[in-house]
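# Examination of the molecular architecture
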Amino acid sequence: MFENLSERLNRTLKNISGQGRITEDNIKDTLREVRTALLEADVALSVVKDFTNKVKEQALGTIVSTSLTPGQEFIKIVYNQLVETMGSQNAALNVAHQPPAVILLAGLQGAGKTTSAAKLGLYVKEQLKKSVLMCSVDTYRPAAIEQLHTLGRETGIPTFPSDPKSTPQAIAQAALEEAKKRFIDVLIIDTAGRLAVDEAMMQEVKELHALLDPTETMFVVDAMTGQDAANTAKAFADALPLTGVILTKADGDARGGAALSVRQITGQPIKFIGMGEKIEILAPFHPDRIASRILDMGDVLSLVEELQRKTDAKKAEKFADKIKKGEGFTLEDFLDQLREMKKMGGMSGLLDKLPGGAKLMGQVDTKAGEKKMAHVEAIILSMTPKERQHPEIIKAARKRRIAAGSGVTVTEINQVLTQFEMMQKMMKKVGKKGGMRGMMNAMRAIPAMRGMMKGNMGGLGGMGGLGGMGGMKRR
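Residues numbered from 1 in each chain as written. Predicted model: local features only at pLDDT ≥ 70, side-chain atom pairs only at ≥ 80, totals over all residues. Heavy atoms only, no water.

If you look at the biggest cluster of nonpolar residues, it comprises 64 residues, and the most contacted ones within it are Leu-82, Leu-187 and Phe-236. Per element, the largest residue contribution to this core is seven residues, and it comes from helix 4 (residues 70–86). (Core = buried A, V, L, I, M, F, W, Y, C linked by side-chain atoms within 4.5 Å. Buried < 20%, exposed > 50% of the residue type's maximum accessible area, 1.4 Å probe, protein only. Helix = DSSP H or I, 4+ residues; strand = E, 2+ residues; numbered from the N terminus.)

Attention shifts here to the environment of Asn-414. Structurally, the position occupied by Asn-414 is in helix 20 (residues 410–433). Residue Asn-414 is classed as partly exposed on the basis of its relative accessible area of 31%. Distance from Asn-414 to Ile-394, taken between C-alpha atoms, is 9.8 Å for residues 20 residues apart in sequence.

A few words on the environment of Val-137. If you trace the backbone, Val-137 turns up in the loop between strand 2 (132–136) and helix 6 (142–155). The spacing of Val-137 and Thr-167 is 30 residues in sequence and 7.8 Å in space, taken between C-alpha atoms. Each residue touching Val-137, except ones within four places of it in the same chain, is listed here: Pro-168, Ile-171, Ala-172, Ile-189, Asp-190, Thr-191 and Leu-208. (Contact = heavy atoms within 4.5 Å.)

Moving on: helix 7 (residues 168–181). Between its terminal C-alpha atoms helix 7 stretches 20 Å, which fits the 20 Å expected from 14 residues at 1.5 Å a residue. Every buried residue of helix 7 is listed here: Pro-168, Ile-171, Ala-172, Ala-175, Leu-176 and Ala-179. Looking straight down helix 7, one finds its buried side chains confined to an arc of 135°; they lie on one side. For helix 7, the elements touching its buried residues are strand 1 (101–106), strand 2, strand 3 (186–190) and helix 8 (199–212). Phi turns positive one or two residues past the end of helix 7, at Phe-183, with a value near 55°. (Expected span 1.5 Å × (residues − 1). Arc of directions from axis to C-beta.)

Here we come to the packing of aromatic side chains. Applying the stated criterion to the full structure yields two aromatic pairs. Seen in terms of ring centroids, Tyr-123 and Phe-272 are 4.9 Å apart; in terms of plane orientation they differ by 70°. Their pairing is edge-to-face. Residue Tyr-123 is located in helix 5 (residues 113–126), and its partner Phe-272 is located in strand 6 (residues 270–273); the two are separated by 149 residues in the primary sequence. By relative accessible area, which is 13% here, Tyr-123 ends up buried. For Phe-272, a relative accessible area of 2% gives the class buried. Between Phe-219 and Phe-236, the aromatic rings sit 5.1 Å apart at their centres with planes inclined by 35°, giving tilted as the arrangement. (Phe/Tyr/Trp six-rings, centres within 6.5 Å; stacked < 30°, edge-to-face > 60°.)

Further remarks concern the pattern of salt bridges. On inspection of all chains with the given rule, the structure shows 10 salt bridges. Taking the shortest distance from any N to any O, the salt bridge between Glu-178 and Arg-182 comes out at 3.4 Å. Overall, the relative accessible area of 40% leaves Arg-182 in the partly exposed class. A salt bridge links Lys-234 to Asp-238; the nearest nitrogen and oxygen atoms lie 3.1 Å apart. One end of the pair is Lys-234 and the other is Asp-238, both in helix 9 (residues 227–239) and four residues apart, which spans about a single turn. Residue Asp-238 is classed as exposed on the basis of its relative accessible area of 60%. Overlapping salt bridges bring together Asp-50, Lys-54 and Glu-84 as one network. (Salt bridge = Lys/Arg side-chain N within 4 Å of Asp/Glu carboxyl O.)

In structure tokens, the structure reads:
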């Protein structure tokens, strides 16, 4: 998400970085470019006008800090305005209510409401440590009711057995009574959607709101709808007392217009951002972190939180001890590192959160890299346990067998074994010298890593030991 906006804004802001001071003349062209970048990102016109006016007003009234150049000061102003436009700070989910606290999800069909209901349920269960009951009142699409039941089984969250022949209001009332009987902390109601806003849908959701008196009324919007998201958001905000927004499918949109528009249009904060259809916990939306990613400053805090949540701490500690003791780095360990990287969203998931990552993503074919990672995993899985522990025994006949088992060529197997040897060398140095200094020295010692250390993207693959996996895009 935001790749196009990030690239355009960073290119534009470079133009002012060498200016001696901020004047109306030298920011005029830059502001015009910022405006164009936002419009191309499908940000609502009213939001673009407000954004550029405020940036101009602040820039011309700013006394430049002695520790910053005028260009840096201007970028700081743009960053602060991005944060303000998206809501200043993360707004927590409000479930402080006599149980059950009700969360009502509303939005158009296809926005991802049902998947978001399950993801939100998982967040409440795992992060807030509260009991959850989910219920679909979409009687127009029995498949939506079944989908929520399926997601409930996947997440271990109970779902209310909605009857498609009943009315949405009757189902919601019965679910509320059931939640009270079972002393459930949070009841999540997934409402019906339409392909477009219509009077019948709005009337129905208004009646459900009056019946349930929810603590949270969340508007679920697809990030890929861009400017249309602003129009839909306005319709729902006019009809319902919204308390927040869930932005879905953010990984499928390179523009990001919805994120910059919807908060201004609804007047309510974006509370969560969802990536893809896999059932993983929704990520709380932090405007400052998103602004950092837009300006290609990275989002290291989110990366650390993700690492803490998704990696096995005991396993990581065991691996670190093994390396320190010099017990050797095996192909089994290599496979584990690959899988940990996949948990983090693969190469694109990591680059997206690293400073300068957006620029790197423009230079690296991450899809080719992900494909290569899948090939490496298949190759290692086609080896015997003995071969993974002692790769030196893998000669021609074994390579042909592994190639047949993994569906790749012997050349690819040779490449993986070469990459693995490089990682082994690096891990030996880390074990001997310890810590980050040992890692950095080891990286400099390996030819495939040197390019990365100098900023030459030909060596990007060295990251995590994946030498050469992020194939370069041809220019």
